[in-house]
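Below, each chain spelled out in residue letters.
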Amino acid sequence: TQQCNIQGQWRNNLGSNMTIQSVSDNGAFAGVYLTAVSSVNTKIVESPLTGFWKKSKQPMIGFAVKWAFSDSLTVWAGQCFLNENNEEVLHTTWLLRSKQKALQDNWKATRIGVDTFTRLK
Ligand SMILES: O=C1C=CC(=NNc2ccccc2C(=O)O)C=C1
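Before going into details, it helps to say that this report is about the structure given with it.

Reading guide: rules and limits
Residue positions are given per chain, counted from 1 along the sequence in the order it is written. Whole-chain, interface and lining totals are the exception, using all residues; otherwise, since this is a predicted model, local features are given only for residues with pLDDT of at least 70 and side-chain atom pairs are given and counted only at 80 or more. As a rule here, side-chain values cover all heavy atoms of the structure and leave hydrogens and water aside. When DSSP locates at least two bridges between a pair of strands, those strands are taken to pair. We count a stretch as a helix when DSSP gives it H or I for four or more residues in a row; a strand needs E for two or more, and each element gets its number in order from the N terminus. Every axis corresponds to a line fitted to the C-alpha atoms, with the helix fit spanning only the stretch in contact, and the corresponding angles, defined between N-to-C directions, vary from 0 to 180 degrees. Only heavy atoms are used to decide nearness, and a residue is near a molecule or strand if one of them lies within 4 Å of it. As used in this structure description, the phrase polar contact means that two N or O atoms lie within 3.5 Å; if the pair is within protein, one of them must be able to donate a hydrogen and the other to accept it, and residues adjacent in sequence are counted only when both atoms belong to side chains. For accessible areas, the Shrake-Rupley method is used with a probe of radius 1.4 Å. Any residue's cover is judged against the shown protein chains and nothing else. Cavities and pockets were defined on a 1 Å grid built over protein atoms only: a cavity is a set of grid points that admits a 1.4 Å probe from which the probe cannot escape, a pocket is an open set flanked by protein on both sides within 12 Å along at least five of seven lines, and lining residues are those with an atom within 4 Å of any such point. A pocket or cavity is taken to hold a molecule when more than half of that molecule's atoms are within 2 Å of the pocket's grid points. Residues are grouped as follows: nonpolar covers Ala, Val, Leu, Ile, Met, Phe, Trp, Tyr, Cys and Pro; charged covers Asp, Glu, Lys and Arg; every other residue, Gly included, is treated as polar. Grid points are joined across faces, edges and corners, and a volume is the space filled by probe spheres set on the points.

**Let's talk about the sheet that holds strand E3 (residues 28-34)**
Read around the closed barrel, eight strands run E1-E2-E3-E4-E5-E6-E7-E8, paired in antiparallel fashion. Adjacent strand axes in the sheet meet at a mean angle of 30° when their direction is disregarded.

**Structural notes on the site of the ligand**
Lining the immediate environment of the ligand, one finds 15 residues, of which Asn12, Ser16, Tyr33, Thr35 and Ser70 sit closest. The side chain of Asn12 places a nitrogen or oxygen atom 2.9 Å from an oxygen atom of the ligand. Ser70 has a polar side-chain atom sitting 2.9 Å from an oxygen atom of the ligand. Compared with its free state, where it exposes 410 Å², the ligand has 93% of that area covered by protein. One can see that the ligand is located within the largest pocket. Those elements that place two or more of their residues in the shell around the ligand are strand E6 (72-82) and strand E7 (88-98). Looking at the shell around the ligand element by element, the count peaks at three residues for E6. Tallied by class, residues from the shell around the ligand come to eight nonpolar, six polar and one charged.

**A word on the layout of surface pockets**
Its volume calculated, the largest pocket comes out at about 510 Å³. Along its surface, the largest pocket is lined by 20 residues, and Val37, Trp67, Ser72, Thr74 and Leu96 are the ones closest to its centre. Among the secondary structure elements, those contributing two or more residues to the lining of the largest pocket are E6, E7 and strand E8 (110-119). A per-class count over the lining of the largest pocket returns eight nonpolar, nine polar and three charged.

Here you go:
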């Protein structure tokens, strides 16, 4: 396959699985996200995913997941690079937004972190 083509299955450092299914000509894509982490012991269900990529040798990517079982959503922004073993790695920064009851709580609503995704063999 062409290196850093984002279609297919990815796994991040938390062990979550992202499946990018449909990619449009304008760079939009959709898929599903199966998280390995969940704050409450709910039955793990897939959450919807949507995003854009900018096709190139080392494409940029941006996507969002609306968590199916909590009042929060995450957005990721990053880029695909080939590592020293010529493997594809998506290096991303994410923001996790949790719904707050009041504007006074807005200050604590957004968490930030970094995440790498490698292709699921
Ligand atoms: O109900 C919930 C709420 C938040 C979640 N955040 N997951 C993430 C947030 C940032 C980066 C990666 C993940 C992940 O699940 O892999 C997952 C399930």
